[in-house]
Amino acid sequence: MRSSPRKPRSAAPSPARRDLARGPCPRAPVLALLLAACPGGGSTGDDTGSTGSTTAPGTTAGVDATDATGTPDDTRGTATEPTTQEGPCPAGTLDCPCQGDGTCDLGLVCIADACVELGGTTGDTESLPPGCGNGIPDPDELCYGPPSFYGSPSEALFVTMGDLDDDGHLDVLVAGAAAGVVEVRLGNGDGTLGGAQSFAAGSRPVALRLDRFDGGPTLDVAIAQELSDSMGLLLGDGAGGLGSLTSYPTGPAPNALLIVDFDEDGLPDALTTNANDTITFLRRTGVGFQAPVAYAVGASPRGLFVGELSGDANLDVVVVDQGSDSFGVLLGTGSTTLGPHAPVPTGSQPESLAVADWNGDGRLDVMTANLGSDDLRLRYGDGSGGFGAEIPFPVDADPRSLVSLDVDGDGDLDAVIANTGTGQVTVLLGTGGGLFAPAQAFAVGSQPWGLAAGDLDEDGLADLVVTNVGEDTLAVLVSDA
């Protein structure tokens, strides 16, 4: 099955196909959404964001679709439709209702019921919290102003960041599933992005990762190609461009993708989650990848993580099993082999995960974002591959992408989530010991999906980038401490 279940669990075309019908500024449905291909997983490479989850600052979360598909839900993620404006709205006029691009002037887009310029903000003049703007990050201080918006390809299910053109500035890369492209916007180092460049990326690219696959200094791009049952490789040219596509077989309909040197031979290997309830390991040989090796996991696998859970020096794997309401652990038994899948219960319809030392005890813990129960669930690791009782943290509707990083610079890990059902990014600031302050939400657009974090303006603080599949935009939230 090419798409994953969502609430209810009956199969449907694809997460995106379903979700695109919801939101305050609906557009004509765009093909299936990322979930048909749902990325979501952590990466240890150079990319700093995306669908899945990563544990280090500069991560991405895209989510497996980044996600899941199913029958449309009549009650979740809905919004009152604004009255259609008879004539164009001026840019930045918040009290001028709009409903889709048709009511906005050329070059404007309908965001949060207002017509705004691509590359501009909503015009919201709401002041930042006291203390923001002084250049000094303070604990518990969140200084995200109104987002800037850029266009994005249809069904942009995954986003990540990395220095693709070797100029020292972070760039943004988006996987456009419906368009079959990777779109690149080069960063200027001040929080703004340049024009879009598109590169052919095969049949439904739903997740992407960055690493150096040819041994050179320049970052290259790997893509999960859902409809061709393969992983694609695009070599970077060092100037922000990408070469022609080379593909390698994976399991059927890969959605999540993770790049890591699993066998510690100095070469980046690949792991994918697949529609036949497996993960596949592709070992890099220096000139390509070996044939994939499959391991059975739970139903409808999504996000991935690789790290040392059990303290035996072997790398272990954690996978989100969306259809089983669990995450699974496969303990490493050697440099390239894994033991059997052991499920651990979590919330309803988990979509992505963030594995990190959430409580500061030196052991890795697992947090999942759960679409069906609208919450995060955290389990502390015991250092031997087992986990304690789960702790739930309720959040807003449809928590899809999840990233862990220290947003406010206080030394405690924070959780950042893209809530597809509410059009917001939610931040839970860590207070130490694996606990969190009340959630703070920031409006970003219609149906946010992929999520990435990185320092776009080079002030030492994490900025956020989100793809909005309901309106084909990219929202950039720059922190102004």
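Quick caveat: nothing in here was measured; it's all calculated off a predicted structure.

If you trace the 4 strands from one edge of the open sheet to the other, you get 17-18-19-20, paired in antiparallel fashion. Two strands bound the open sheet, and with one partner strand each, they are strand 17 (301–307) and strand 20 (342–345). Sheet twist, expressed as the average angle between the axes of neighbouring strands with direction ignored, equals 25°. In terms of strand pairing, strand 19 (residues 326–330) meets strand 20 through 4 bridges, oriented antiparallel. Bridging across to strand 20, Val329 finds its partner in Ala342.

This brings us to the side chain of Arg209. Structurally, Arg209 can be placed in strand 9 (residues 205–211). Overall, the relative accessible area of 0% leaves Arg209 in the buried class. A distance of 2.9 Å separates a polar side-chain atom of Arg209 from the backbone oxygen of Leu257.

For the protein chain, mean pLDDT is 79; residues scoring 70 or higher make up 72% of the total. Low confidence marks residues 1–46, where pLDDT is under 50. Its contacts with residues over four positions away, or in another chain, come to 255 contacts.

A separate point is the pairing of strand 26 (residues 414–419). Two faces belong to every sheet, and in a regular strand the side chains alternate between them. Counted residue by residue, strand 26 has 6 buried out of 6 residues, so it is predominantly covered. Every second residue of strand 26 is oriented toward a common face, with Asp414, Val416 and Ala418 on one face and Ala415, Ile417 and Asn419 on the other, all of them buried. Pairing between strand 25 (residues 399–405) and strand 26: 6 bridges, direction antiparallel. Bridged to Leu405 within strand 26 is Asp414. Relative to strand 27 (residues 424–428), strand 26 runs antiparallel, the two sharing 5 bridges. The residue bridging Ile417 from the neighbouring strand is Thr426, located in strand 27. What sits between the antiparallel neighbours strand 26 and strand 27 is a turn of 4 residues, in which Gly423 has the positive phi angle 70°.

Bringing a negative patch on the surface into the picture now. A cluster of acidic residues, Asp166, Asp167, Asp190, Glu458, Asp459 and Asp480, forms a negative patch at the surface. Note that Glu458 resides in the loop between strand 31 (448–454) and strand 32 (463–468).

In space, the 4 strands of this open sheet follow the order 25-26-27-30, with antiparallel pairing throughout. Each edge of the open sheet is held by one strand with a lone partner, namely strand 25 and strand 30 (440–443). Mean inter-strand twist for the sheet, computed between neighbouring axes without regard to direction, equals 20°.

The next thing to look at is the packing of aromatic side chains. On inspection of all chains with the given rule, the structure shows 7 aromatic pairs. Judged by centre distance (5.3 Å) and plane angle (50°), the ring pair of Phe262 and Phe281 falls under tilted. Of this pair, Phe262 sits in the loop between strand 13 (257–260) and strand 14 (269–274) while Phe281 sits in strand 15 (residues 278–282), and the two are 19 residues apart along the sequence. Taken individually, Phe262 and Phe281 each receive the classification buried, so the pair is uniform in this respect. Pairing Trp358 with Phe436 gives two aromatic rings, centres 5.6 Å apart and planes at 65°, and the pair type is edge-to-face. Of this pair, Trp358 sits in the loop between strand 21 (350–356) and strand 22 (365–370) while Phe436 is found in strand 29 (residues 435–436), placing the two residues 78 residues apart along the sequence. As far as the burial class goes, Trp358 and Phe436 line up, both buried. Within the aromatic cluster, the residues linked to one another by ring pairs are Phe213, Tyr248 and Phe289. Cation over ring: Arg284 sits above Phe289, and NZ or CZ is 4.9 Å from the ring centre. Across the ring face of Trp449, the terminal group of Arg400 is positioned such that the distance to the ring centre comes to 3.5 Å.

Basis of the calculations
Residues numbered from 1 in each chain as written. Predicted model: local features only at pLDDT ≥ 70, side-chain atom pairs only at ≥ 80, totals over all residues. Heavy atoms only, no water. Pairing = 2+ DSSP bridges. Helix = DSSP H or I, 4+ residues; strand = E, 2+ residues; numbered from the N terminus. Axes fitted to C-alpha atoms, helices over the stretch in contact; angles between N-to-C directions. Buried < 20%, exposed > 50% of the residue type's maximum accessible area, 1.4 Å probe, protein only. Polar contact = N/O pair within 3.5 Å; in protein donor to acceptor, adjacent residues only side chain to side chain. pLDDT = per-residue confidence, 0-100. Contact = heavy atoms within 4.5 Å. Patch = residues over 30% accessible without salt bridge, like charges linked within 9 Å, V, L, I, M, F, W, Y side chains within 5 Å. Areas by Shrake-Rupley, 256 points an atom, 1.4 Å probe, with all protein chains shown as cover. Salt bridge = Lys/Arg side-chain N within 4 Å of Asp/Glu carboxyl O. Lys, Arg positive; Asp, Glu negative; His and termini not counted. Charge placed at Lys NZ, Arg CZ, Asp CG, Glu CD. Phe/Tyr/Trp six-rings, centres within 6.5 Å; stacked < 30°, edge-to-face > 60°. Lys NZ or Arg CZ within 6 Å of the ring centre and 35° of its normal.

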